[in-house]
Every structure is written in C-alpha cells, then in structure tokens.
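If you want the building blocks of each chain, they are given just below.
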Amino acid sequence: MSRWIGPIVVAVIAAVAAWYETLAATPTVIMDRAWMRLSEQAGYNKMTHTPLVTAERQTIVRPSPDLAYSICAFDLSKAPLEVMANAVPDHYWSLTVFDSVTDVAFVESDRDSKGRPIRIALATADQIVPRGVRKIVMPDGKGVALIRVLLNNRAEIGAVDAYRKKSFCRPLMA
C-alpha cells in the first residue's frame, strides 16, 4: 500500500492544479470569445446600438428581451477611449465596463448620475486623459462597455433609440 502513496499524492496535486488552472483561465477565455464576436460585428472602439434581442439573434448568451443594448468592444493599445452614455428620460439605464477577465471595472446608472449623461475615459495606468475627464484605469487594454436601457414595452424602441444613439465611444486624443 505504501508504494501507492506517492502516485496518489502526485495525481491529487495534478488534479488540483488542473482544476485551478481551468478556474483561473475560464473568465479570460469567455471574454476573449465575446470580445472577438462583438469586434467582428462592429469593429472596436465604436458604439454599436443593437436591435432588440430575439431568440434567433443573440450574440451573447441569455440577453434580456426587455433591454436595449449598446455595445463597444474596446482596445486601448493606441489611445484611451472616451465613453459617453446619454440619458434616457423616464427609463432605467446603465453603463457597465467589463475588463478582459469579465470583472466589472465601472458601473453607473441613471440613479447615480441623477439623469445626466455619464462621460468617462477608459485608459491604461500610463495613458493620459484631458484634465476634468473622469479616468477609469483598466488593468489591461481590452474589454467591453455596455449600455442597457430598460424598456417599458418593446414598442417604444424607436423613441428610446433617439436617445441611446447619442451615446458613443471613440478614441480620445489628449
């Protein structure tokens, strides 16, 4: 029996190491796939105002049909990025920024902004943004900015679009 202790210990260590590596790599793999899909559809560093979600048309798994989405896959390798989420009156809306491992780097809603637009600059730690612009430091240069607007009913998408299409993301030249 004692001759099996060494191989069993090695097998347990290998299993724990494989489990940990899988656990650590999963968020990066998920976000890389999402970032690639989104950037293939619309490029990166620009806002895309997607049509309402249907069962047949879903880029990301399990989106809500009650939300209007505006999405910006970004790459900060050349410059910081200015993101502006326009206010949508009488609706809940939010801006969320995810980093490359799916962690939330920034989130604010209409309740936080008191109904005013939200304007931020996404940048790496070494990038400079203009004075007076709120800088959100991203741990690495890739991620996704997501604006969500809760619809009271799907028929109002035209009216909501007039507001949400004023939202943007674009490279910020200091």
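Here, every reference points to the structure presented above.
My aim in this report is to walk through the structure given alongside it, one point at a time. (Residues numbered from 1 in each chain as written. Predicted model: local features only at pLDDT ≥ 70, side-chain atom pairs only at ≥ 80, totals over all residues. Heavy atoms only, no water.)

1. Some words on the overall build of the protein chain
Phase 1 of the analysis: The secondary structure content of the protein chain amounts to three helices and nine strands.
Phase 2 of the analysis: Scored against the burial criterion, the 174 residues of the protein chain give a buried share of 42%.
Phase 3 of the analysis: For the protein chain, the accessible area works out to roughly 10,400 Å², and carbon and sulfur atoms hold 60% of it. (Helix = DSSP H or I, 4+ residues; strand = E, 2+ residues; numbered from the N terminus. Buried < 20%, exposed > 50% of the residue type's maximum accessible area, 1.4 Å probe, protein only. Areas by Shrake-Rupley, 256 points an atom, 1.4 Å probe, with all protein chains shown as cover.)

2. Section: the side chain of E82
Phase 1 of the analysis: Here E82 shows up in strand β3 (residues 81–85).
Phase 2 of the analysis: Looking at E82, its side chain comes within polar contact range of the side chain of R119, at 2.5 Å.
Phase 3 of the analysis: Discounting residues that sit within four places of it in the chain, E82 has contacts with R119, I120, A121, F168, C169, R170 and L172. (Polar contact = N/O pair within 3.5 Å; in protein donor to acceptor, adjacent residues only side chain to side chain. Contact = heavy atoms within 4.5 Å.)

3. Considerations on helix α3 (residues 157–164)
Phase 1 of the analysis: What α3 keeps buried is the set I157, V160, D161 and R164. Projected onto a plane normal to the axis of α3, the buried residues spread over an arc of 105° and lie on a single side.
Phase 2 of the analysis: Contacts from the buried residues of α3 go to β1 (48–49), β2 (67–75) and β8 (142–150). (Arc of directions from axis to C-beta.)

4. A few points about the sheet that holds strand β9 (residues 168–171)
Phase 1 of the analysis: The four strands lie next to each other as β7-β6-β3-β9, forming an open sheet whose pairing is mixed. Edge positions in the sheet fall to β7 (135–137) and β9, since each of these pairs with one other strand and no more. Each adjacent strand pair in this sheet contributes to an overall mean axis angle of 25°, direction not counted.
Phase 2 of the analysis: Of the pairings in the sheet, the one linking strand β6 (residues 118–123) to β7 comprises three bridges and is parallel in character. Opposite A121, over in β7, you have K135 as the bridge partner. (Pairing = 2+ DSSP bridges. Axes fitted to C-alpha atoms, helices over the stretch in contact; angles between N-to-C directions.)

5. Some details on the sheet that holds β8
Phase 1 of the analysis: Pairing in this open sheet of five strands is antiparallel, and the strands run β1-β2-β8-β4-β5 from one edge to the other. Strand pairing shows two members of the sheet lacking a second neighbour, β1 and β5 (104–109), which therefore form its edges.
Phase 2 of the analysis: Two strands pair when backbone bridges link them, and strand β4 (residues 93–99) and β5 are joined in this way by five bridges, in the antiparallel orientation. Paired with L95 across the two strands is E108, which belongs to β5.
Phase 3 of the analysis: Against the sheet, α3 contacts β1, β2 and β8, and its axis sits at roughly 30° relative to β2.

6. Topic: the nonpolar core
Phase 1 of the analysis: The biggest cluster of nonpolar side chains holds 27 residues, and the ones touching the most others in it are F74, L81, V83, L95, V97, I120 and L122.
Phase 2 of the analysis: Elements with a minimum of two residues in this core: β2, β3, β4, β6, β8 and α3.
Phase 3 of the analysis: L67, F98, V144 and L146 belong to the second-largest nonpolar core, a separate cluster that totals six residues. (Core = buried A, V, L, I, M, F, W, Y, C linked by side-chain atoms within 4.5 Å.)

7. Topic: the pattern of salt bridges
Between side chains of opposite charge, pairing is possible as soon as their charged atoms come close.
Phase 1 of the analysis: A complete count under the given rule lists four salt bridges for this structure.
Phase 2 of the analysis: For the salt bridge of E82 with R170, the shortest nitrogen-to-oxygen distance reads 3.1 Å. Of this pair, E82 sits in strand β3 while R170 sits in strand β9, and the two are 88 residues apart along the sequence.
Phase 3 of the analysis: With relative accessibility at 6%, the residue E82 sits in the buried group. (Salt bridge = Lys/Arg side-chain N within 4 Å of Asp/Glu carboxyl O.)

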